[in-house]
Amino acid sequence: MPNFLNQLPLDGLKMISFCPICNEHHKLIEAKILEEKNNNHLIYLKCKKCNSSIVSLVAADGFGINSVGLVVDLTAEDVLKFKNSPVINSDDVILTHQFLEESKTKGNVKL
Ligand SMILES: [Zn+2]
């Protein structure tokens, strides 16, 4: 178990020690700390029972510990690769649509 997990209060451990998909508890949960900065920890959790992955941001301050988690289909390497990527906006979606329509017209893509 990473050193950081030993320093969390029991509630903090509960937040990150079970799988929200299959409810498997800590024995089959693999946790990796991807980034640690100013008491904020980006943690990647992988359930070995159902293969679900969760990315969680755990922030500790004087008031306690807050955690936000998302079920993802990313690997730990994907999270590190994309975490600083620019946000996709509506213009990007429109440009992609236009690109696909033009490619379809030219016969390069079949939709
Ligand atoms: Zn699971």
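Residues numbered from 1 in each chain as written. Predicted model: local features only at pLDDT ≥ 70, side-chain atom pairs only at ≥ 80, totals over all residues.

Caption draft 1: View of the overall build of the protein. Along the protein, the regular secondary structure elements total four helices and four strands. The order of α-helices and β-strands along the protein, N terminus first, is α-α-β-β-β-β-α-α. Counting over 111 residues, the protein shows a buried share of 8%. Long-range contacts, defined here as pairs at least 24 residues apart, represent 35% of the contacts in the protein between residues at least 6 apart. (Helix = DSSP H or I, 4+ residues; strand = E, 2+ residues; numbered from the N terminus. Buried ≥ 20, exposed ≤ 12 C-beta atoms within 10 Å, placed from the backbone. Contact = placed C-beta atoms within 7 Å.)

Caption draft 2: Structural view of the pairing of strand S2 (residues 40–47). Bridging between strand S1 (residues 29–37) and S2 involves eight bridges; their strand directions are antiparallel. In the strand pairing of S2, Glu35 is matched with Leu42. Turn length for the S1-S2 hairpin, with the two strands adjacent in sequence and antiparallel, is two residues, and the turn residue Asn38 shows positive phi of about 50°. One ladder, built from seven bridges, connects S2 with strand S3 (residues 53–61); its direction is antiparallel. Looking across to S3, one finds that His41 is bridged to Val58. Where S2 hands over to S3, the hairpin turn is made up of five residues, of which Asn51 adopts a positive phi near 65°. (Pairing = 2+ DSSP bridges.)

Caption draft 3: Inspection of the sheet that holds S2 at higher detail. The antiparallel open sheet is built from four strands, whose spatial order is S1-S2-S3-S4. A strand with exactly one partner marks an edge of an open sheet, and here the two such strands are S1 and strand S4 (64–72). With direction set aside, neighbouring strand axes in the sheet form an average angle of 20°. Direction of pairing for S3 relative to S4: antiparallel, over a ladder of nine bridges. Residue pairing across strands places Leu57 opposite Val68, the latter belonging to S4. (Axes fitted to C-alpha atoms, helices over the stretch in contact; angles between N-to-C directions.)

Caption draft 4: Main features of the environment of Val68. The topology assignment puts Val68 in strand S4. Along the backbone, Val68 and Ser56 are twelve residues apart, and their C-alpha atoms lie at a distance of 5.5 Å.

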